[in-house]
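# Tertiary structure, described
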Amino acid sequence: MARILVVDDESSIRLFYAEELADAGHEVTTSASATEAVEKLEGGDFDLVVLDIKLKNESGLDLLQKIVKERHEMPVILCSAFSFYKDDFASWLADGYVVKSSDPTELLEEIKRVLGKKGATRPADA
Amino acid sequence: MEWECCWSLPEITSRDCPYIAEGEEDLFTSQRKRIIARCLECPRFRNDLLKLQGENNPLSGLLNLIATELLDQKARLHSMGVFLSSKTREMRFLHELSLVLQTSFNLDEVLSVAMTAITAGKGFGLNRALLLMTDRDRQFLRGYLGVGPRNYEEAWQIWREIGENDLSLRELARNFQQSKLESEKAKFHDLLEKLSVPLSDSNHIFNRALGGQKPILVTAASPPPDAGPHLSELLGVDSFLVVPLISRNRRIGIIIADNCITHKPITPQDVQLLETFAFPVAFALERASLHERLQEEVDKLTEANAKLKVQQELILRMEKMALVGQITSGIAHAIRNPLMGIGGLARSLMKTLPETDRNRESLASIIQEAKRLEDALNEALGYADSLHPAIDRWDINQLISGVYDRQKDKLARQGVAVDLELEEGLPLAYIDFNQIVFCIRALLAGITETEGCDRLSLETRLQGDAIAIVMEGNGPPLAALAGDRGYPPDIPGPSENFGLRICMTMLEKQGTPCTVETLPEGGTRYTIKLPIRKENR
C-alpha cells in the first residue's frame, strides 16, 4: 500500500483514479491544480505522484520540475491523453509514463513497477 | 696610277679580292656595296690611301678621315644591331611570360612559369631562385618554393636534360609544374624554413628590399651589413640578388636569385631585367592567391548553402511534425479525457452493482463502447505518429558541428578552448536526432561547467558498427552522471541541471549509455556510441 497524490484537472478522472487506486489498496489524495498539489505535498507524506501533463492554465511539466528540484526522491508517473508527450524533453524527468485509459490496468502496473524500483511501499498499517 | 685594291673597278672576280667570302657574290658586281662592306677595311685600300698621301694629294687626308669615321659608324651600327637583337629576344621572352602571367589564375602555374623563367637558360639563366611569400596574416615572410640544382652533379644532369629536349620556356614551365613542383618544394624545405623572417624586422635585407621597392645585389665585395655571413652561409654563396615582389604597394614576397653552381657574377643587366620581370610576377601571384582564396570562400559558401538546405528541409519536416502533433494532441485531449471519464466511471459503477442488477448490461455496453473508441483513437494517433518517425539516419559530424556552432560563443566567453576533430567519411547513424542534439548540448554544458575545466575536445570516429562521440574535459567527472536518479544518493544534484538527468535517461532508453572514464593525466572522458545499423538499435 502506498500514499499516492493524483493531480488532474478533470473531476471525473480524479474520481475514477481515486476509486481504482483505493480498490488496489492505496491511500489516495487528489488535487485539481498544481498549486493545490504543491500545498498538499508540503503538508502530507506521499510515496508517489500521478500527474496529468495538461492542467487547466498550468503545466504538469512545470510541476514535475518543481518536484524533481525540491523532492528529488519522490517518484512521479506522468499521465497524458496523447503519446507525443515525449517530444517535450522535460517529460523525461518522470519515472513512469502512461497514456490515459478507462482501463486502469496499465496505470496500476506502472505504479507497482515504479514503487518496486524505489522500494517505497509501506506496510498496510503504516 | 696603279691601285692595289679593287675599289675603282665597277666589276671584279674572286681573283681581284681575297676578302669576299662565299655567299657574298653580289659584291663582285656592285662597286658601291663592295667599297662599304669590304674595301674600307681592306689593307690594300689603306695602301692606296698611303700612295695618295705620298703624292701630296690634298684629298688623301680627307679620304682617310671619311674612311675612319665610316668604320667607326659601322662598328657602332653593328653593336646597336647586337643590342637590338638581344632586346628583341628579351621582349619576346617577356611577352611570352606576360601572356601566361596575365591569363593564369592558377598559383602553381604562375609559380612554375616565374621560377622557370629565372632559372632556365632560355630565360634569365640564373642557377637558383628562392621564393618567399608573405603569409595570410601578413606577419611573416615565409619560404615557399625553391628551384634549381643543389649541387654540380644535379646541375649537370638538369642542363643535359634541357639541352637534349630543346623545349620552349612555356613547355619547360609546364613540365616543371607537372613533375617537379612538389619535389622542389620538399627539396628546399629546410633552407626555406630557415629563410623565413618576421615582416616587423625592418632592418633585415629582405624587408629592406620590400620597403625600398628596389632589388638589392649582395656581392662578396659589397655585402650589406644586415645580410651578414649568416645569410651567405645559409645560401652557400657570396653573391645573390634580392628582388622585391610588390603589387599596388602590397608586399607579396621576395625572390632570391643566385649563381650557386657557376658562381658567375650577377650583372647590372640581370638586376634590371629581374626588376622589370618582378612587376608582372608580383601582380600575377597576388591575383592567383586572391583567386585561390576566393575559391576557398566560394567552396565554404557552397558547403554552407548545402548545409542550409538540409537544415531548411529539417525545419520544414519538424514544422510538419509539430503541426501534426499539435492537431492530434488537441484531438486526443478533447476526446480522450471525456471518454476516459465515461468508461472509467462506468467501470467503477459496475463494481458497486450486485450481479443481478439489470443495469449491469447497459454499463457493460458503455465500458465496451468506450474501450472501442479508445482503441480507434490509439490507432489513429499511432498512424499519425508513424508518418514521422523520430528515429532516422543522420550525419553525426553535421550534428556535432551544428551543436558546437551554437555553443562556441558561450564557450569562448567561459574561456574554454575547444578542439574539434571530426573523422571524415563517417556513415550515417541511426538515431533520434532531437534527443541526441539535446544530449550533446547537455553534456557540453555540464562538462564545461565542472570546476577548473578550460579545455574540451570533441571528437567523432568510427568504432566497429558504431560512431563514437568522445568528449574530453580537463575537469572532474560530472556528479550528476552518478546515482540512481542522476545524483549521488546523499548529495543533492545541481538544482538547474535537469538536462544531464534527461540526457542520461534518453541515452539509456536508446540503448546508447554514456561511459565515463577518469583519465590518468587528469580530466574526464565521456563516450557515447551511436549505432549505424537499424538492427543494432
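Residues numbered from 1 in each chain as written. Chains lettered and ligands numbered in written order. Predicted model: local features only at pLDDT ≥ 70, side-chain atom pairs only at ≥ 80, totals over all residues.

### Topic: the interface of chain A and chain B
The partner chain B presents 31 residues to the 24 residues of chain A that form the contact. Among the elements of the structure, helix H1 (11–23) and helix H3 (60–70) of chain A are those that each provide at least two residues to the side of chain A that touches chain B. Ranked by residues supplied to the side of chain A that touches chain B, first place goes to H1(A) with six residues. Looking at the side of chain A that touches chain B, its residues break down into 10 nonpolar, six polar and eight charged. (Contact = placed C-beta atoms within 7 Å. Helix = DSSP H or I, 4+ residues; strand = E, 2+ residues; numbered from the N terminus. Nonpolar A, V, L, I, M, F, W, Y, C, P; charged D, E, K, R; others polar.)

### Regarding the packing of helix H3 (residues 43–54) of chain B against helix H4 (residues 59–103) of chain B
Residue and element names in this part refer to chain B. It is the contact of H3 with H4, at a shortest axis distance of 8 Å, that shows an interaxial angle of 155 degrees. Viewed along their axes, H3 and H4 adopt a mutual orientation that is roughly antiparallel. For the pair H3 and H4, contact is made by Leu49, Leu52 and Gln53 and by Leu59, Ser60, Leu63 and Asn64, respectively. Of the residues assigned to the contact of H3 with H4, the class counts are four nonpolar, three polar and no charged. (Axes fitted to C-alpha atoms, helices over the stretch in contact; angles between N-to-C directions. Parallel < 35°, antiparallel > 145°, perpendicular 65-115°, else oblique.)

### A word on unusual backbone geometry
Residues and elements named next belong to chain B. With a phi close to 55 degrees, Arg138 is a non-glycine residue in the positive phi region. Within the element layout of this structure, Arg138 appears in the loop between strand S1 (128–134) and strand S2 (140–147). For Arg138, a count of 10 C-beta atoms within 10 Å puts it in the exposed group. Phi is positive for His263, close to 55 degrees, though the residue is something other than glycine. Examined against the element boundaries, His263 turns out to sit in the loop between strand S6 (250–258) and helix H12 (268–352). (Buried ≥ 20, exposed ≤ 12 C-beta atoms within 10 Å, placed from the backbone.)

### Section: the sheet that holds strand S10 (residues 455–463) of chain B
All names here are of chain B. Pairing is mixed across the open sheet formed by five strands, whose spatial order is S8-S10-S11-S13-S12. Both edges of this open sheet fall to strand S8 (417–422) and strand S12 (515–518), since each of them pairs with a single strand only. Ignoring strand direction, the axes of neighbouring strands in this sheet form an average angle of 15 degrees. Looking at chain direction, S8 and S10 are connected through six bridges and run parallel. Each residue of the ladder has a partner; that of Ala417, found in S10, is Arg455. (Pairing = 2+ DSSP bridges.)

### Side note on the sheet that holds S6(B)
Residues and elements named next belong to chain B. One open sheet holds the six strands; their spatial order is S3-S2-S1-S6-S5-S4, and the pairing between them is antiparallel. What marks the edges here is a single partner per strand, and that holds for strand S3 (197–198) and strand S4 (216–218). The pairing of S1 with S6 spans six bridges and is classified as antiparallel. Bridge assignment links Leu131 to a residue of S6, and that residue is Ile255. Along the sheet, helix H5 (residues 107–119) contacts S1, S2 and S6; its crossing angle with S1, the most-contacted strand, is approximately 145 degrees.

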